[in-house]
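A look at the structure
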Amino acid sequence: MSQEASPQSLFKAFIDLTFAPSLRLVPVVREFVTKFYEKVFADQDGLARLEVTAHELLENAVKNSTDGATRLKIDYDPVRWILTIRTLNYPTADNLDVLQQNIHDLQASSDADAYYQMVLARSVKAAEGSGLGLARVWAEAGFTIRTEMEGVGGVWVIAESRIRGRAEVAS
Ligand SMILES: Nc1ncnc2c1ncn2[C@@H]1O[C@H](COP(=O)(O)OP(=O)(O)OP(=O)(O)O)[C@@H](O)[C@H]1O
Ligand SMILES: [Mg+2]
């Protein structure tokens, strides 16, 4: 198989789906996403990083959904080799504050591994939730993380990383 880019390969391979939140469904959606992008990426490491990120973001979107629905959008830009994973949910104001604070801390820290170790140490003392998901996405999977607000009270969590593509996307 050729790894050269062909005109047919230069389209965005995307997924856009909405499902009702149940933690039991998260692995099902994650497996679907992984199978889908197996056909798109040549990069096995990228695929593993996508799997971790999709899992953590979906789990968060489901756990922090107040209205019964979670949306997942993923697209891959084969020209820039940029994968973007987005989840949308409508959280409580408190959860939104915690999310924004965590992302602020993560972006403000210059060393991903040191940040992960700090969150790990904090999680040992925490009563509930390890609080490690976003730190894992950032430090282990190597994705950037940001948020965008949607309508009244909705939040997109957006993770992005460069992943090498496969030429034969169209086949
Ligand atoms: N999509 C989201 N909507 C609203 N709040 C969120 C969202 N994602 C994360 N948060 C908030 O940010 C906190 C940190 O998320 P993170 O994934 O790092 O840890 P966690 O979900 O608490 O634990 P773990 O992922 O280790 O099981 C969450 O506890 C929650 O308060
Ligand atoms: Mg989490």
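From a predicted model like this one, the values you see are computed outputs, not experimental measurements.

Criteria and thresholds
- Position labels on residues start from 1 in each chain and follow its written sequence.
- Whichever chain is written first is A, and whichever ligand is written first is 1; the rest continue in order.
- Totals for whole chains, interfaces and linings use every residue, but because this is a predicted model, local features are given only for residues with pLDDT of at least 70 and side-chain atom pairs only at 80 or more, for both listing and counting.
- Helix and strand assignments come from DSSP, with helices taken as H or I runs of at least 4 residues and strands as E runs of at least 2, each series counted from the N terminus.
- In this description the radius of gyration comes from C-alpha coordinates, and the expected globular size is given by 2.2 Å times residues to the power 0.38.
- With C-beta atoms placed from the backbone, a residue counts as buried when 20 or more other C-beta atoms lie within 10 Å of its own, as exposed when 12 or fewer do, and as partly exposed for counts between those limits.
- Being near a molecule or strand means, for a residue, that its backbone-placed C-beta atom lies within 6 Å of it.
- Residue classes follow a fixed rule: Ala, Val, Leu, Ile, Met, Phe, Trp, Tyr, Cys and Pro count as nonpolar, while Asp, Glu, Lys and Arg count as charged, and any other residue, Gly among them, counts as polar.
- The contact criterion used here is simple: two residues whose C-beta atoms, placed from the backbone, lie within 7 Å are in contact.
- As used here, a nonpolar core is made of buried Ala, Val, Leu, Ile, Met, Phe, Trp, Tyr and Cys residues. They are joined through C-beta atoms within 7 Å.
- One bridge is not enough; two strands pair if DSSP finds at least two bridges between them.
- Here, axes are lines fitted to C-alpha atoms. For helices the fit covers the stretch in contact, and angles between N-to-C directions go from 0 to 180 degrees.

Some details on the overall build of the protein chain
When helices and strands are counted, the protein chain shows 5 helices and 5 strands. Against the compact-globule benchmark of 16 Å for 171 residues, the protein chain has a radius of gyration of 17 Å, which places it among compact chains. Counting only C-alpha atoms and orienting by the principal axes, one finds that the protein chain spans roughly 50 × 35 × 25 Å. The buried share among the 171 residues of the protein chain stands at 29%.

As for the site of ligand 1
Surveying the vicinity of ligand 1 reveals 21 residues, the closest of which are Asn-60, Pro-91, Gly-129, Ser-130 and Gly-133. Breaking the shell around ligand 1 down by element, the ones donating at least two residues are α2 (44-63), β3 (82-89), α3 (93-108), α5 (133-139) and β5 (154-162). If you tally residues by element for the shell around ligand 1, the top one is α3, at 5 residues. When its residues are assigned to classes, the shell around ligand 1 shows 10 nonpolar, 10 polar and 1 charged.

Side note on unusual backbone geometry
Of note, Trp-81 is a non-glycine position whose phi angle comes to about 60 degrees, a positive value. Structurally, Trp-81 can be placed in the loop between β2 (70-77) and β3.

Details of the environment of Leu-57
Here Leu-57 shows up in helix α2. The class for Leu-57 is buried, based on 27 C-beta atoms found within 10 Å. In the structure, Leu-57 is positioned 81 residues away from Trp-138 in sequence and 11 Å away in space, judged by C-alpha atoms. Every residue in contact with Leu-57, bar those within four places of it in the chain, is listed here: Ile-85, Thr-87, Val-137, Val-157 and Ala-159.

Let's talk about the nonpolar core
Membership of the largest hydrophobic core comes to 31 residues, with the highest contact counts inside it found for Leu-57, Leu-58, Val-137, Trp-138, Ile-145 and Ala-159. Residue contributions to this core peak at 6 residues, all from α2. Residues in contact with Ala-159, not counting those within four places in the same chain, are Thr-53, Leu-57, Ile-85, Val-137, Phe-143, Thr-144 and Ile-145.

Quick word on the sheet that holds β5
In spatial order, the strands read β1-β2-β3-β5-β4; together these 5 strands make up an open sheet with antiparallel pairing. Here the strands that pair on one side only, and so sit at the sheet edges, are β1 (13-19) and β4 (144-150). Neighbour-to-neighbour, the strand axes of the sheet open up by a mean angle of 15 degrees, direction not taken into account. The sheet contacts of α2 involve β2, β3 and β5, and relative to β3 the element is tilted by about 15 degrees. Most of the contacts of α3 go to β4, to which it runs at about 145 degrees, and overall it touches β4 and β5.

Some points on the pairing of β3
Across the 8 residues of β3, 6 count as buried, placing the element largely inside the fold. With 7 bridges joining them, β2 and β3 adopt antiparallel strand pairing. Across the sheet, Asp-75 pairs through a bridge with Thr-84, a residue of β3. Linking β2 to β3, which pair antiparallel, is a turn of 4 residues; within it Trp-81 sits at a positive phi near 60 degrees.

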